[in-house]
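Here is what each chain is made of, one letter per residue.
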Amino acid sequence: MPVPIILDTDIDTDCDDVGALAMLHALANNGEAEILGVICDAPTVWGAPCIKAINRYYGRAETPVGTIQVDDYETNLRYELYRQHLELMGKGRVYEPYNRAIAQEFPDENKTGESEDGVALYRKLLAEQPDGSVVIAAIGFLTVLESLLDSAPDEHSSLGGTELVRTKVKLLVTMGGGSFPKGRDSFNWWMDKVATGAVLNNWPARLAVSEWGGTILTGARLCTETPETNPVRRAYAIYLFGESKSRCSWDQVAVFYAVRGARDYFTEIQGHRIHFSPDTGEHEWLPVENEDGHISLQQAASDETLAGVIEDLMTQPAAR
Ligand SMILES: [Ca+2]
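Residues numbered from 1 in each chain as written. Predicted model: local features only at pLDDT ≥ 70, side-chain atom pairs only at ≥ 80, totals over all residues. Heavy atoms only, no water.

Engineer: Would you mind showing me how to read the coordination of the calcium ion here?
Structural biologist: Under ideal tetrahedral coordination, the four donors around a metal are separated by 109.5 degrees; under ideal octahedral coordination, the six donors are separated by 90 or 180 degrees. Within the protein, the atoms that donate to the calcium ion are Asp10 (OD), Asp17 (OD), Asp17 (OD), Ile139 (O) and Asp251 (OD), at distances of 2.3 to 2.5 Å. If you list the donors of the calcium ion from N- to C-terminus, the spacing comes out as D-x6-D-x121-I-x111-D. Placement of the pair is Ile139 in the loop between β5 (134-138) and α6 (143-150) and Asp251 in helix α12 (residues 250-260), with a sequence separation of 112 residues. On the basis of relative accessibility, which here comes to 1%, the residue Ile139 falls in the buried class. (Donors = N, O, S within 2.8 Å, 3.2 Å for Na, K, Ca; no water. Helix = DSSP H or I, 4+ residues; strand = E, 2+ residues; numbered from the N terminus. Buried < 20%, exposed > 50% of the residue type's maximum accessible area, 1.4 Å probe, protein only.)

Right, here's the structure in full:
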């Protein structure tokens, strides 16, 4: 049975999100995954159109796409670190956001409409699925998931957000620097520590943390094995300032595990729960005696093995 999955991505400041979305489409083409929807969790107007361009390339224009709604992003102190990060990216080099370029170079000729509110889409997608079935791969910030937990009953479900997640979600895989037995992330969890604390400390279902991918390099084969019409190839070329270059695969690893599970690629440390401090951004894995634990993922296969299987999927032909 294909794994019913929702991808929650920042698809903004690094191209591994694009690689992960490409890989997920290939897994869907192989019958291993069913893409229920994609959520953009970074406050950029170009995230959703970029996602849609890639979905169209893979023949899935109908896949629902939702996006974060934060009205006070420009002024809210909570997002100060992310604003600073974007500012730094713009210094010292001519930074062109790949998501904007993909949206503009691969326009939606059929004008399939605005993307939906991310929380509303989460609620709709979860309500439609069987209990205990949905896997969420969160490869960006946890901001939308925090809002989902806080969400009120609506026309899709009479359950509040936490109960809806408890009922419908099988597993959340979050990509973050969640080193075992303790440590501190530097990006995904760090950029919105309030949301990270709310989600990691209160998630009412199974949860796994993946921090691997920094030494697993993929992407160079996109330019030799896929056509110029591939927006994924184009995004890598823009981000890496040229073709035939590779990039770390943090997000692909999280999605790969979310769909395929551990197999021989990973081992899972169980019997602990992660506790995250929104004040310091530091986390610690503490032992628990019941089954209510979180999974700390450990890489078991070599970098080369994982890069090979991931890049095979990233470069798999788009046609079904
Ligand atoms: Ca990401």
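Text resumes after the structure shown.
Engineer: In this structure, what is going on with the packing of α6 against helix α9 (residues 193-202)? I would like to understand it.
Structural biologist: When two helices pack together, their arrangement is given by the angle between their axes and by how far apart the axes lie. For the pair α6 and α9, interaxial distance at closest approach is 8 Å and the crossing angle is 50°. As judged from the angle between their axes, α6 and α9 are oblique. Crossing of α6 against α9: the hand is left-handed. Each of Thr143, Leu145, Glu146 and Leu149 in α6 lies in contact with α9, whose residues at this interface are Val194, Ala195, Ala198 and Val199. Here the contact of α6 with α9 is built from residues that sort into six nonpolar, one polar and one charged. (Axes fitted to C-alpha atoms, helices over the stretch in contact; angles between N-to-C directions. Parallel < 35°, antiparallel > 145°, perpendicular 65-115°, else oblique. Left-handed = near helix turned anticlockwise from the far one by under 90°. Contact = heavy atoms within 4.5 Å. Nonpolar A, V, L, I, M, F, W, Y, C, P; charged D, E, K, R; others polar.)

Engineer: How should I be thinking about the nonpolar core in this particular structure?
Structural biologist: Where a protein is soluble and globular, its nonpolar side chains tend to be buried together. Counting 64 residues, the largest nonpolar core has Ile11, Tyr98, Tyr257 and Phe266 as the members making the most contacts within it. It is helix α1 (residues 16-29) that provides the largest number of residues to this core, a total of nine residues. The contacts of Tyr257, once residues within four sequence positions are left out, are Leu171, Val173, Ala208, Ala262, Phe266, Glu268, Ile295 and Leu297. By size, the runner-up hydrophobic cluster in this structure holds 32 residues, among which are Val134, Leu142, Leu145 and Leu200. (Core = buried A, V, L, I, M, F, W, Y, C linked by side-chain atoms within 4.5 Å.)

Engineer: Looking at this model, I keep getting lost on the packing of aromatic side chains. Mind explaining?
Structural biologist: For any pair of aromatic rings, the description rests on two quantities: the centre-to-centre distance and the angle between the ring planes. Per the stated rule, a full pass over the model turns up eleven aromatic pairs. Pairing Tyr57 with Tyr58 gives two aromatic rings, centres 5.3 Å apart and planes at 90°, and the pair type is edge-to-face. The class for Tyr57 is partly exposed, based on a relative accessible area of 22%. Considering the side-chain rings of Tyr82 and Phe141, the 4.9 Å spacing of their centres and the 75° angle between planes classify their relative orientation as edge-to-face. With Tyr82 in helix α3 (residues 80-89) and Phe141 in the loop between β5 and α6, this pair connects stretches of sequence that are 59 residues apart. The class for Tyr82 is buried, based on a relative accessible area of 2%. On the basis of relative accessible area, Phe141 is assigned to the buried category, the value being 3%. Taken together, Tyr73, Tyr79, Tyr82, Phe141 and Phe187 form an aromatic cluster joined through their ring pairs. One cation-aromatic arrangement involves Arg83 over Tyr73; the distance from NZ or CZ to the ring centre is 5.8 Å. Cation over ring: Lys193 sits above Trp190, and NZ or CZ is 4.0 Å from the ring centre. (Phe/Tyr/Trp six-rings, centres within 6.5 Å; stacked < 30°, edge-to-face > 60°. Lys NZ or Arg CZ within 6 Å of the ring centre and 35° of its normal.)

Engineer: Any chance you could explain the sheet that holds strand β12 (residues 282-287) here in plain terms?
Structural biologist: Note on sheets: strands pair through backbone hydrogen bonds, and any given pair is parallel or antiparallel. If you trace the eleven strands from one edge of the open sheet to the other, you get β4-β3-β2-β1-β5-β6-β8-β13-β11-β12-β7, paired in mixed fashion. Bordering the open sheet on either side are β4 (116-117) and β7 (182-184), each of which pairs with just one other strand. Packing against the sheet, α12 makes contact with β1 (3-9), β2 (33-40), β5, β6 (169-175), β8 (207-210), β11 (266-276) and β13 (294-299), and its axis sits at approximately 160° to β6. (Pairing = 2+ DSSP bridges.)

Engineer: Quick question: what am I supposed to make of the state of the cysteines here?
Structural biologist: Two cysteines form a disulfide when their sulfur atoms are joined by a covalent bond. A complete count under the given rule lists zero disulfides for this structure. The thiol sulfur of Cys15 is not disulfide-bonded, and the nearest other cysteine sulfur, from Cys248, lies at 8.9 Å. Exposure remark for Cys15: the relative accessible area of 0% places this residue in the buried category. Looking at the unpaired Cys50, the closest cysteine sulfur is the one in Cys40, lying at 8.8 Å. (Disulfide = S-S within 2.5 Å.)

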